[in-house]
Amino acid sequence: MILLLTDFGTRDHYVAAMKGVIASRCSVAIHDLSHELAPFDVFAAAWFLRECERFWPAGSIFVCVVDPGVGTERRIVCARSRGRFFLAPDNGLLTFLDAEAIVSVENESLFLPQSSSTFHGRDRFAPVAAALANGMMLNEVGPSLDAIERLDYEPPRYGEVAIGTIVRIDRFGNAITDLDAAKIPGDMPAQIGPTSIRRHARTYEEGGDEPFLVTGSSGTIEISIRAASAAERLRLHTRQRVEMRRTV
Amino acid sequence: MILLLTDFGTRDHYVAAMKGVIASRCSVAIHDLSHELAPFDVFAAAWFLRECERFWPAGSIFVCVVDPGVGTERRIVCARSRGRFFLAPDNGLLTFLDAEAIVSVENESLFLPQSSSTFHGRDRFAPVAAALANGMMLNEVGPSLDAIERLDYEPPRYGEVAIGTIVRIDRFGNAITDLDAAKIPGDMPAQIGPTSIRRHARTYEEGGDEPFLVTGSSGTIEISIRAASAAERLRLHTRQRVEMRRTV
Amino acid sequence: MILLLTDFGTRDHYVAAMKGVIASRCSVAIHDLSHELAPFDVFAAAWFLRECERFWPAGSIFVCVVDPGVGTERRIVCARSRGRFFLAPDNGLLTFLDAEAIVSVENESLFLPQSSSTFHGRDRFAPVAAALANGMMLNEVGPSLDAIERLDYEPPRYGEVAIGTIVRIDRFGNAITDLDAAKIPGDMPAQIGPTSIRRHARTYEEGGDEPFLVTGSSGTIEISIRAASAAERLRLHTRQRVEMRRTV
């Protein structure tokens, strides 16, 4: 199956054109992952992928287009990871992927004729995805690459003090960190800028109406408020630093 | 087929993870009903389901996740109604369903390992839906229940005065009531708080630029303005009381 | 396959009801093109269709419902164009289509019983689309028509001065014109009201942070700013006139 992840929104015809190209060339199922990533937010796309790709079956083809550099010299890459395929611009979108094989997508015979310089999603990503769905081998798509671009991202550290980052504000206003709850002993408080949060809860409902910490669905610490936006109330945003340390 | 109804939005990876779990475990079609329900709005989900479930074929599996109590003692239930299956938290989401059989979803062998306490959509609803799609019987999912939670909802009354409720403001700004037009004789005016509306129309176009009443697509009375938001203009909102009575 | 294009949004149950009717009556794939067209914006729907329909395979059935006149005397039409089928209200939505055959959808035996006067998407478009997917011939749907309604749209002119129109502001804030870049010699500047733009770029990235002109993915001139909204910055909107003339 082919899975689409873009920042195109659905008000414009962009996704519809991509799907048409795919559906014209192969007969696998097409699923939307999201088209509502914030425009140009490559980090959000990378994190999104990290959080959901493992749930899809081997053979899935992920088509990821958050591509501010479309039409420039930036490469398009195709990576394979545990039987799944990932097409993306080489701009850091695959930062969190453990790739077993990577190629640079250069087989121009696969692209739409008169390929534009502003919409590679339709003109390059879509037909290449269809070719892969039809059984094309990775080495027919383009030459092998040793490495891909990675975003500047500092993984969390765990020691006396655990130091991590808010990586996502979700729709409900939960501020999701990259701090692995399993690596943080006990119920340590969290410090984000001037804000300190001490209470831990096991569920959103339990947490109640004041800010609390909860282990989210990816196993990392979240800052939440029940049925309200913690991010808005506490003015939290992505890329903010979070520290957790044992209190004296 | 499996049908998804949530308040997750599509900016985050939540729906993508659910779909991945389902697509990894069965090969039926997956359709989005909506992911844009207002966060935590169980009533909106219940009404949405009421308005569309009957149009889907027997065998359809509805996966409904508006679940502020995720991870608490609230049950997950699976109901069968005229050959269709409905998975939902037991929080009133199935208020308008005439269920023939209900079970409490307790067969933990169906859940994802290390099921989280914050995302049952992915960890419990999705794999149970896939199991049902693969032919699992309801009694294998969990023990039978006699009743489910129902929301506090007062059905409309019809007498000298017909009394109902605004149950939905739709995208176009139509204020949709639960008053069955077939039970209201003649062209009676409607009173909503201080606002009185006397004109009836058969179509939005006919109704024109001043507020009017029209029989909506579910057979109930709507308050509308042509090509504009009646709800905004008249400051209408859900749960408001609507009275219709013959004028002297 | 059946493709849905509406202004219904996805917060309400309207799309879900349409899909249910279709899925109950045929087994072809259903794809969303968009449900986020601005309410009542028939021109946006017409342009959307023009920009994506050619990418879909022959046999595709497009169901287009932007229908402020629902329930009035306006016709529903079904057009065939290069093997594709297009169902739409006869309100100009098919303005840009080169139809080989057109019928007026009048075979009431296809409609849902008790068809409403406010939701033909569910009650008429959906079952007719399913009938077409099941192999019904166009002449069984209704009588032939010689012509359909067309929107008041002035195509661009190319001469000493090229005169066109902004036809779309996309999600990224690009102002898309209908001026065919291939018909405009050299790098002529563009004038939109008081605003003059001289710089041309080949990609958004190259264009940089000041407004520039770029050949968009449909081959027409766009007014853009890199990673920002040109439309917002320059206060551009659809239907604005754009002139390009050689400078002295």
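Structural notes, computed from the coordinates.

Basis of the calculations
Residues numbered from 1 in each chain as written. Chains lettered and ligands numbered in written order. Predicted model: local features only at pLDDT ≥ 70, side-chain atom pairs only at ≥ 80, totals over all residues. Heavy atoms only, no water. Least-squares fit on C-alpha atoms with pLDDT ≥ 70 in both. Contact = heavy atoms within 4.5 Å. Salt bridge = Lys/Arg side-chain N within 4 Å of Asp/Glu carboxyl O. Helix = DSSP H or I, 4+ residues; strand = E, 2+ residues; numbered from the N terminus. Buried < 20%, exposed > 50% of the residue type's maximum accessible area, 1.4 Å probe, protein only. Buried area = accessible area lost by both parts, 1.4 Å probe. Phe/Tyr/Trp six-rings, centres within 6.5 Å; stacked < 30°, edge-to-face > 60°. Expected span 1.5 Å × (residues − 1). Axes fitted to C-alpha atoms, helices over the stretch in contact; angles between N-to-C directions. Parallel < 35°, antiparallel > 145°, perpendicular 65-115°, else oblique. Left-handed = near helix turned anticlockwise from the far one by under 90°. Nonpolar A, V, L, I, M, F, W, Y, C, P; charged D, E, K, R; others polar. Polar contact = N/O pair within 3.5 Å; in protein donor to acceptor, adjacent residues only side chain to side chain.

1. Side note on the relation of the copies chain C and chain A
Between the two copies, chain C and chain A, the superposition gives an RMSD of 0.0 Å; the rotation angle is 120° and the shift along the axis is 0.0 Å. As the rotation angle and translation indicate, the two copies are arranged about a three-fold axis. Measuring from the rotation axis to each C-alpha of chain C, the shortest distance belongs to Ala29(C), at 5.0 Å. A distinct binding surface is used by each copy, with only 6% of the interface residues of chain C retained as interface residues in chain A.

2. Some remarks on the pattern of salt bridges
For the coordinates displayed, the defined rule picks out 44 salt bridges over all chains. Of the charged contacts in the structure, one is a salt bridge between Asp32(C) and Lys19(C), with a shortest N-O distance of 3.1 Å. Of this pair, Asp32(C) sits in strand 2 (residues 30–34) while Lys19(C) sits in helix 1 (residues 14–25), and the two are 13 residues apart along the sequence. For the pair formed by Asp32(C) and Lys19(C), the shared burial category is buried. Salt bridges here are not isolated pairs; linked through shared partners, they connect Glu205(A), Asp209(A) and Arg226(A).

3. Observations regarding unusual backbone geometry
One non-glycine residue, Arg235(A), lies in the positive phi region at around 55°. By secondary structure assignment, the location of Arg235(A) is in the loop between helix 6 (230–234) and strand 14 (241–245). A residue is classified by how much of its surface remains accessible, and Arg235(A), at 70% relative accessible area, is exposed. With a phi close to 55°, Ala227(C) is a non-glycine residue in the positive phi region. Looking at the secondary structure, you find Ala227(C) in the loop between strand 13 (220–224) and helix 6 (230–234).

4. Here's the deal with the interface of chain C and chain B
In this complex, chain C contributes 32 residues to the contact, which on the side of chain B involves 31 residues. Both sides of the chain C and chain B interface together cover about 2600 Å² of buried area, and 57% of this is carbon and sulfur. Together, Arg11(C), His13(C) and Thr118(C) form the three largest contributors to the area buried by chain C at its contact with chain B, with a combined 23%. For the pair chain C and chain B, the interface holds two salt bridges. Of the charged contacts in the structure, one is a salt bridge between Asp12(C) and Arg168(B), with a shortest N-O distance of 2.8 Å.

5. A few points about the packing of aromatic side chains
This structure, assessed with the given rule, holds 36 aromatic pairs over all chains. Plain terms: the ring middles of Phe172(A) and Phe8(B) are 6.4 Å apart, the flat faces sit at 85° to each other, and that makes the pair edge-to-face. With Phe172(A) in the loop between strand 7 (161–169) and strand 8 (175–180) and Phe8(B) in the loop between strand 1 (2–6) and helix 1 (14–25), the pair connects residues from two separate chains. Residue Phe172(A) is classed as buried on the basis of its relative accessible area of 14%.

6. Details of helix 1 (residues 14–25) of chain A
An α-helical segment advances 3.6 residues per turn. Residues three or four places apart therefore align on the same side. Residues and elements named next belong to chain A. A rise of 1.5 Å per residue sets the reference length of helix 1, with its twelve residues, at 16 Å; its end C-alpha atoms lie 17 Å apart and thus fit the reference within 8%. Burial analysis of helix 1 places ten of its twelve residues in the buried class, the great majority of the element. For helix 1, every residue scored as buried is listed here: Tyr14, Val15, Ala16, Ala17, Met18, Lys19, Gly20, Val21, Ile22 and Ala23.

7. Digging into the packing of helix 1 of chain B against helix 3 (residues 120–133) of chain B
Residue and element names in this part refer to chain B. Taken N-terminus to C-terminus, the directions of helix 1 and helix 3 make an angle of 30°; their axes are 9 Å apart at the nearest point. Viewed along their axes, helix 1 and helix 3 adopt a mutual orientation that is roughly parallel. Crossing hand, helix 1 versus helix 3: right-handed. Listed contacts from helix 3 to Ala17, Met18, Val21, Ile22 and Arg25 of helix 1 are Gly121, Arg122, Ala126, Pro127 and Ala130. A breakdown of the residues in the contact of helix 1 with helix 3 according to their chemical character gives seven nonpolar, one polar and two charged.

8. Observations concerning the interface of chain C and chain A
In this complex, chain C contributes 31 residues to the contact, which on the side of chain A involves 32 residues. Interface area, chain C with chain A, both sides summed: about 2600 Å², of which 57% is carbon and sulfur. For the pair chain C and chain A, the number of links is 15 residue pairs in polar contact (both at pLDDT 80 or more). Elements represented by at least two residues in the side of chain C that touches chain A include exactly strand 2, helix 2 (42–52), strand 7 (161–169), helix 5 (204–207) and strand 12 (212–215) of chain C. Partitioned by chemical class, the residues of the side of chain C that touches chain A number 15 nonpolar, seven polar and nine charged.

None of this, on its own, says anything about what the molecule does.
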